[in-house]
Amino acid sequence: QVQLVESGGGLVQAGGSLRLSCAASGRTFSSYGMGWFRQAPGKEREFVAAITRSGFSTSYADSVKGRFTISRDNAKNTLYLQMNSLKPEDTAIYYCAADLRGTIWLSLKQGVGYDSWGQGTQVTVSS
């Protein structure tokens, strides 16, 4: 199993930036793919971004492409999401997730196959 703890959320004005972190423990961090998801009030959880075990490949939802950057530091067992040019519609609880079963990248990059989740961190963007 793996334990995931998100941090870095908060309140920011539109156009601002935040960097989310996800600290992982319990298993070798570099052995699994990672992703970020979000859930806004009254909406279903949606995929935001994904990254391979090595960090070599990344994938983004169209709604965040060009504004958000996913990265990882395997030496620090930490996943990041740099969010720039934030919009009010980015307001949501953000979750990091891990793929522990070795799901193929084709699925992970579309937000499918994740089986371990953090508790989430709130991001609120004011207009």
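Overview of the structure. Bear in mind that the values here come from a model prediction, so they are computed numbers and not experimental data. (Residues numbered from 1 in each chain as written. Predicted model: local features only at pLDDT ≥ 70, side-chain atom pairs only at ≥ 80, totals over all residues. Heavy atoms only, no water.)

1. So, the overall build of the chain
The helix and strand inventory of the chain stands at one helix and eleven strands. Ordered by position from N to C terminus, the α and β elements of the chain give β-β-β-β-β-β-β-β-β-α-β-β. Since a compact globule built from 127 residues should have a radius of gyration of about 14 Å, the 13 Å found for the chain is in line with a globular shape. If one aligns the C-alpha atoms of the chain with their principal axes, the spans along those axes are about 40 × 25 × 25 Å. Each of the 127 residues in the chain was classed as buried or not, and the buried ones make up 46%. Sequence-distant contacts in the chain: of pairs separated by 6 or more residues, those separated by 24 or more amount to 58%. Of the roughly 6,400 Å² of accessible surface on the chain, a fraction of 48% belongs to carbon and sulfur atoms. (Helix = DSSP H or I, 4+ residues; strand = E, 2+ residues; numbered from the N terminus. Rg over C-alpha atoms; globule rule 2.2 N^0.38 Å. Buried < 20%, exposed > 50% of the residue type's maximum accessible area, 1.4 Å probe, protein only. Contact = heavy atoms within 4.5 Å. Areas by Shrake-Rupley, 256 points an atom, 1.4 Å probe, with all protein chains shown as cover.)

2. Digging into the pairing of strand S5 (residues 46-51)
With five of six residues buried, S5 is to be regarded as a mostly interior element. Summarising the sheet, strand S4 (residues 34-39) and S5 pair through five bridges and their orientation is antiparallel. Bridged to Phe-37 within S5 is Phe-47. Adjacent in sequence and paired antiparallel, S4 and S5 are bridged by six residues, among which Gly-42 carries a positive phi angle near 75°. Pairing geometry for S5 and strand S6 (residues 58-60), over three bridges, is antiparallel. Bridge pairing links Ala-50 to Ser-59 in S6. Counted along the chain from S5 to the antiparallel partner S6, the turn is six residues long, and its residue Gly-55 has a positive phi close to 90°. (Pairing = 2+ DSSP bridges.)

3. Regarding the state of the cysteines
Formally, a disulfide is one covalent bond, and it connects the sulfur atom of one cysteine to the sulfur atom of another. Evaluation of the coordinates by the stated rule reveals one disulfide. Here Cys-22 is linked by a disulfide to Cys-96, with a sulfur-sulfur distance of 2.0 Å. Taking the sign of the S-S torsion, 55° for the link of Cys-22 and Cys-96, the bridge is right-handed. One end of the pair, Cys-22, is in strand S3 (residues 18-25); the other, Cys-96, is in strand S9 (residues 92-98), with 74 residues separating them in the sequence. What makes Cys-22 buried here is its relative accessible area of 0%. (Disulfide = S-S within 2.5 Å.)

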